[in-house]
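Residue-level listing of the chains:
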Amino acid sequence: MDNLRAMRIFVRAVELGSLSAVAREMGTTQPTISKAVAALERDLGVRLLERTTTSLTPTPQGRRFHVRAKGVLEEYGEAVADARGQTGMPTGLLRVNAPVALGQFRLNALMLEFLARYPDIEVELILNDRFVDLVEEGVDVALRLGGTLPPDGIARGIAVSPRLLVASPGYLRGRPAIRRPDDLHRHETIRFAWLASGDAMTLEGPGGSVTVTTHGRYRVNNALAIRESLASGAGVGLAPAWLVDDLMASGDLVAVLPKWRAPMQQAHLLYPSRRYQSLRARLLIQFLAERIPALAGFQPWPPERAGA
């Protein structure tokens, strides 16, 4: 039990940023808290906290241990509640990471729905388009788009979105007709910046797959900016259906080469480990796995890949 108490002290120290604050919270003295952390560090053989007169920050080993220790404490709490016959009520903070455009355009509304369903859970939604280290940055659940995934998490495929070639009627009016993929080289193409494939575009359609070299003077690293650019008539571009479904329904965008499509965009949920997963994290994973495939522009994960 001493180790369990020491872990609890360490976790609160990281969260509160002060040993004195932990002492006040636990009704004891700062030297007592400091001794408990020092004993934990000796037991583990690593330094967990960097202490100065004005700050307290976890070391790299401390950040990773903090994530694991929180999981152990939550597992213990749930085991106690189960043994006592209590109904576990989900509480606490969830850190969620997602791409910027998907977060703004789709995920934000889902997170508000999740919060309404579980009033004792808090969510911190961090939107960026880079791969984050789930453990290093304390992320409980991440939503990623695309087939390339970071190696430090467990990935669960939940949905796919068709990638369509689209343009505005205004852009297409008066320009050379696009009847086959090779015609695209005569048009302005709007694409995501930093694509590994560069200006090469691979499409699948009648007769198989073809790769064409496109041309475009505008590249941007944000999907919502691509959506706006396409709708304003700046060019032709590939876009996942979740991003442009409403614009196609309204006629602001139309399909170009409707018999041709790019490989589908994959949506995965990532989390640090199947072990020591909090109840709130499990609930969020299940919620997103059910709700995202039902959003406009998404389809359920292919059955043959459901176990991936």
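Model, not experiment: these values are computed from the prediction. (Residues numbered from 1 in each chain as written. Predicted model: local features only at pLDDT ≥ 70, side-chain atom pairs only at ≥ 80, totals over all residues. Heavy atoms only, no water.)

(A) Fine view of the overall build of the protein. If you tally the helices and strands in the protein, you get nine helices and 14 strands. Taken across its 308 residues, the protein has 43% of its residues classed as buried. The long-range fraction of contacts in the protein, counting pairs at least 24 apart against all pairs at least 6 apart in sequence, stands at 75%. If you sum the accessible surface of the protein, you get close to 15900 Å²; carbon and sulfur atoms cover 51% of it. (Helix = DSSP H or I, 4+ residues; strand = E, 2+ residues; numbered from the N terminus. Buried < 20%, exposed > 50% of the residue type's maximum accessible area, 1.4 Å probe, protein only. Contact = heavy atoms within 4.5 Å. Areas by Shrake-Rupley, 256 points an atom, 1.4 Å probe, with all protein chains shown as cover.)

(B) The arrangement of the packing of helix H1 (residues 2-16) against helix H2 (residues 19-26) in detail. H2 packs onto H1 with a crossing angle of 120° between their chain directions and a minimal axis gap of 8 Å. As judged from the angle between their axes, H1 and H2 are oblique. Where H1 crosses over H2, the two elements pack in a sense that is right-handed. Contacts from Arg8, Ile9, Arg12, Ala13 and Leu16 in H1 reach Leu19, Ala21, Val22, Glu25 and Met26 in H2. Taken together, the residues of the contact of H1 with H2 break down into seven nonpolar, no polar and three charged. (Axes fitted to C-alpha atoms, helices over the stretch in contact; angles between N-to-C directions. Parallel < 35°, antiparallel > 145°, perpendicular 65-115°, else oblique. Left-handed = near helix turned anticlockwise from the far one by under 90°. Nonpolar A, V, L, I, M, F, W, Y, C, P; charged D, E, K, R; others polar.)

(C) Just the nonpolar core, in detail. Leu284 and Ile292 are the most contacted members of the largest nonpolar core, which has 43 residues in total. For this core, the elements supplying multiple residues, two or more each, are strand S3 (92-98), helix H5 (100-117), strand S5 (141-145), strand S6 (154-167), helix H7 (223-231), helix H8 (241-250), strand S13 (262-271) and helix H9 (279-291). Beyond its immediate chain neighbours, meaning those up to four positions away, Ile292 contacts Leu110, Leu143, Ile158, Ala159 and Phe298. Membership of the second largest hydrophobic core comes to 20 residues, among which are Ala6, Phe10, Val11 and Leu56. (Core = buried A, V, L, I, M, F, W, Y, C linked by side-chain atoms within 4.5 Å.)

(D) Quick peek at unusual backbone geometry. One non-glycine residue with positive phi stands out, namely Leu257, at about 50°. Tracing the chain through its elements places Leu257 in the loop between strand S12 (254-255) and S13.

(E) How the structure looks around the pairing of strand S4 (residues 121-127). In this structure, S3 lies alongside S4, joined through seven bridges in parallel fashion. The partner of Gly92 across the bridge, within S4, is Ile121. Chirality of the crossover, the property in question, places the unit of S3, H5 and S4 among those that are right-handed. (Pairing = 2+ DSSP bridges. Right-handed = clockwise from strand over helix to strand, strands pointing away.)

(F) Local environment of helix H3 (residues 30-44). Taking 1.5 Å per residue as the helical rise, H3 with its 15 residues ought to reach 21 Å, and the 21 Å between its terminal C-alpha atoms agrees with that figure. Listing the buried residues of H3 in full gives Ile33, Ala36, Val37, Leu40 and Glu41. Burial along H3 is one-sided: seen end-on, the buried residues are contained in an arc of 135°. Structural note: H3 exposes Lys35, Arg42 and Asp43 on the side pointing more than 90 degrees away from its buried face. At the exit of H3 stands Gly45, carrying a positive phi of roughly 80°. (Expected span 1.5 Å × (residues − 1). Arc of directions from axis to C-beta.)

(G) Molecular detail of the pattern of salt bridges. For the structure shown, the criterion picks out ten salt bridges. Ionic pairing is found between Arg12 and Glu15, a salt bridge with its closest N-O pair at 2.6 Å. Here Glu15 and Arg12 lie together in helix H1, a separation of three residues that amounts to about one turn. You can call Arg12 partly exposed: its relative accessible area is 23%. By relative accessible area, which is 37% here, Glu15 ends up partly exposed. The shortest N-O distance in the salt bridge between Glu113 and Arg117 comes to 3.8 Å. Placement of both Glu113 and Arg117 in helix H5 is noted, with a separation of four residues, approximately one turn of the helix. (Salt bridge = Lys/Arg side-chain N within 4 Å of Asp/Glu carboxyl O.)

(H) Region of interest: the packing of H5 against H9. Viewed as axis vectors pointing N to C, H5 and H9 meet at an angle of 130°, and their least axial separation amounts to 11 Å. Classified by the angle their axes make, H5 and H9 are oblique. Pair H5 / H9 crosses with right-handed handedness. Taken together, the residues of H9 that come into contact with H5 (itself represented by Leu107, Leu110, Met111, Glu113, Phe114 and Arg117) are Arg280, Leu283, Leu284, Phe287, Leu288 and Arg291. Taken together, the residues of the contact of H5 with H9 sort by class into eight nonpolar, no polar and four charged.

(I) Expanded view of the packing of aromatic side chains. Counted according to the given criterion, the structure contains five aromatic pairs. Ring centres of Phe10 and Phe65 lie 5.5 Å apart, and the angle between their planes is 50°; this geometry places the pair in the tilted category. Remark: Phe65 occurs in helix H4 (residues 60-83) and Phe10 occurs in helix H1; sequence separation between them is 55 residues. Considered together, Phe10 and Phe65 belong to a single accessibility category, that of buried residues. The interplanar angle of 50° and the centroid separation of 5.4 Å between the aromatic rings of Phe114 and Phe287 together place this pair among those described as tilted. Of this pair, Phe114 sits in helix H5 while Phe287 sits in helix H9, and the two are 173 residues apart along the sequence. Given a relative accessible area of 0%, Phe114 falls into the buried group. Residue classification places Phe287 among the buried residues on the basis of a relative accessible area of 2%. Among the aromatic side chains, those forming a connected cluster through ring pairs are Phe105, Trp242 and Phe298. (Phe/Tyr/Trp six-rings, centres within 6.5 Å; stacked < 30°, edge-to-face > 60°.)

So yeah, pure geometry; function would need other evidence.
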